[in-house]
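Chain by chain, the residues:
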Amino acid sequence: MSDKLKNAKIIFVVGGPGSGKGTQCEKVVAKYGYTHLSSGDLLRAEVASGSERGKQLSAIMQKGELVPLDTVLDMIKEAMIAKADVSKGYLIDGYPREVKQGEEFEKKIGAPSLLLYIDAKSETMVKRLMKRGETSGRADDNEETIKKRLDLYYKATEPVIAFYQGRGIVRKIDSEGSVDDVFSNVAKAIDSLK
Ligand SMILES: Nc1nc2c(ncn2[C@@H]2O[C@H](COP(=O)(O)OP(=O)(O)OP(=O)(O)O)[C@@H](O)[C@H]2O)c(=O)[nH]1
Ligand SMILES: Nc1ccn([C@@H]2O[C@H](COP(=O)(O)OP(=O)(O)O)[C@@H](O)[C@H]2O)c(=O)n1
Ligand SMILES: [Mg+2]
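One numbering rule holds for all chains: residues counted from 1, following each sequence as written. Chain letters and ligand numbers both follow the written order, the letters beginning at A and the numbers at 1. Residues qualify for local features only when their pLDDT is at least 70, as the model is predicted, and side-chain atom pairs are given and counted only at 80 or more; totals for whole chains, interfaces and linings, by contrast, use all residues. Note that water and hydrogens are dropped before the side-chain values are worked out from all heavy atoms of the structure.

A.B. asks: What exactly am I supposed to notice about the UniProt feature "binding site: ATP" (unreviewed entry) in the chain here?
C.D. replies: UniProt positions are given in the numbering used here, feature names are shortened, and annotations may be inferred rather than shown by experiment. In the numbering used here, UniProt assigns the feature "binding site: ATP" (unreviewed entry) to Gly18, Ser19, Gly20, Lys21, Gly22, Thr23, Arg132 and Gly177. As for the annotated residues, the ones lining the largest pocket are Gly18, Ser19, Gly20, Lys21, Gly22, Thr23, Arg132 and Gly177. Numbering goes from the N terminus for both helices and strands, where a helix is a DSSP run of H or I of at least four residues and a strand is a run of E of at least two. On the secondary structure map, Gly18 appears in the loop between β1 (10–15) and α1 (21–32). Sequence-distant contacts of Gly18, that is, excluding residues within four places in its chain, are made with Met125, Arg128 and Leu129. With respect to the helices and strands, Thr23 occurs in helix α1. By relative accessible area, Thr23 is classed as partly exposed at 39%. As defined here, a cavity is a set of points on a 1 Å grid over the protein atoms alone where a 1.4 Å probe fits but cannot get out. A pocket is an open set with protein on both sides within 12 Å along at least five of seven lines, and residues line them when an atom is within 4 Å of a point. We call two residues in contact when some of their heavy atoms are within 4.5 Å. Only protein chains enter the calculation, and the probe is 1.4 Å; a residue is then buried if its accessible area is under 20% of its type maximum, exposed if over 50%, and partly exposed in between.

A.B. asks: Is there a simple way to explain the site of ligand 1 in this structure?
C.D. replies: Ligand 1 sits among 17 residues. The nearest are Lys21, Gly22, Thr23, Arg132 and Gly177. Contact distances for ligand 1 include 3.0 Å between an oxygen atom and a backbone N or O atom of Gly20. By the criterion applied in these results, polar contacts are pairs of N or O atoms within 3.5 Å in which, for protein atoms, one can donate a hydrogen and the other can accept it, and in which residues neighboring in sequence qualify only through two side-chain atoms. Arg132 is positioned with one of its side-chain polar atoms (N or O) 2.6 Å from an oxygen atom of ligand 1. In short, Shrake-Rupley with a 1.4 Å probe defines the accessible areas, and a residue's cover is counted only from the protein chains shown. Out of a free accessible area of 640 Å², ligand 1 has 74% covered by protein chains. By definition, a pocket or cavity contains a molecule when more than half of the molecule's atoms lie within 2 Å of the pocket's grid points. Using a 2 Å cut-off from the grid points, one finds that ligand 1 occupies the largest pocket. Among the elements of the structure, α1, α6 (122–136) and α8 (179–191) are those that each provide at least two residues to the shell around ligand 1. Polar here means any residue outside two lists: the nonpolar Ala, Val, Leu, Ile, Met, Phe, Trp, Tyr, Cys and Pro, and the charged Asp, Glu, Lys and Arg; Gly therefore counts as polar. For the shell around ligand 1, the residue count by class is four nonpolar, eight polar and five charged. One heavy atom within 4 Å of a molecule or strand makes the whole residue count as near it.

A.B. asks: Could you clarify how one ought to interpret the layout of surface pockets in this entry?
C.D. replies: In this approach a probe as big as a water molecule rolls over the atoms, and the regions it shows empty are the leftover space. Approximately 960 Å³ is the volume attributed to the largest pocket. Taken together, 44 residues make up the lining of the largest pocket; nearest its centre are Gly18, Lys21, Arg132, Arg138 and Arg149. Among the residues making up the lining of the largest pocket, the classes are represented as twelve nonpolar, 20 polar and twelve charged. Grid points are joined across faces, edges and corners, and a volume is the space filled by probe spheres set on the points.

A.B. asks: Mind showing me how you'd approach the nonpolar core here?
C.D. replies: Among soluble globular proteins, nonpolar side chains are generally buried collectively. Of all hydrophobic cores here, the largest spans 32 residues; its most connected members are Phe12, Met80, Ile92, Phe105 and Leu115. Breaking this core down by element, the ones donating at least two residues are β1, α3 (52–62), α4 (69–83), β3 (90–93), β4 (114–119) and α7 (143–165). The element contributing the most residues to this core is α4, with eight residues. What makes a nonpolar core is a set of buried Ala, Val, Leu, Ile, Met, Phe, Trp, Tyr and Cys residues whose side-chain atoms join them at distances within 4.5 Å.

See below:
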């Protein structure tokens, strides 16, 4: 089955909560026709389905903790295979969250050719998330859970960036500016792939 993904172009999009990963991915889809898979969105879809598994996931996400690695990875892989015949490449948004997630992804799916590191200051991220929380309906967009997500990001996810820096595939994107300014740098990073 995973043969279908053997030559897939894979871009990891990593950054703190509220750094703007989802916003930039949408723009990449519009310009490059890549397939955008947000691991958080896949998990929220499972929660919305009302399944037993969704109920367990919901409790973990509300606490700002990480759900079991295999759960997310299986969902991503399934979604990738479903698009394999039409996809020009994949943006894997919000994954890997820890080095182990990256290692398992490579074992089961393949290696990324680029890691976009969307970087904003923690104050900026908190501000954006509190604002988003006014309308997002996301159970984790509240002050207490935001703090936990940030802590976990610095502890577990930043090492992911260092890990891939060692391979020379990281492009750091300053995400403090306007959406369009940030995107012009994202586009440069993607263009450098070809
Ligand atoms: N000023 C400014 N605001 C932005 C930018 N990118 C995103 N935002 C806002 O910040 C909030 C978070 O952006 P998202 O794209 O949802 O962030 P994310 O990284 O996907 O966040 P998580 O899903 O929580 O991981 C949204 O309300 C955006 O409108 C940016 O470049 N500049
Ligand atoms: N690879 C992933 C992605 C998300 N998640 C869970 O889903 C929640 C929301 O993920 P997200 O990517 O939409 O949002 P942020 O936490 O990055 O703001 C996280 O806080 C985790 O509980 C996970 O456990 N593993
Ligand atoms: Mg997002």
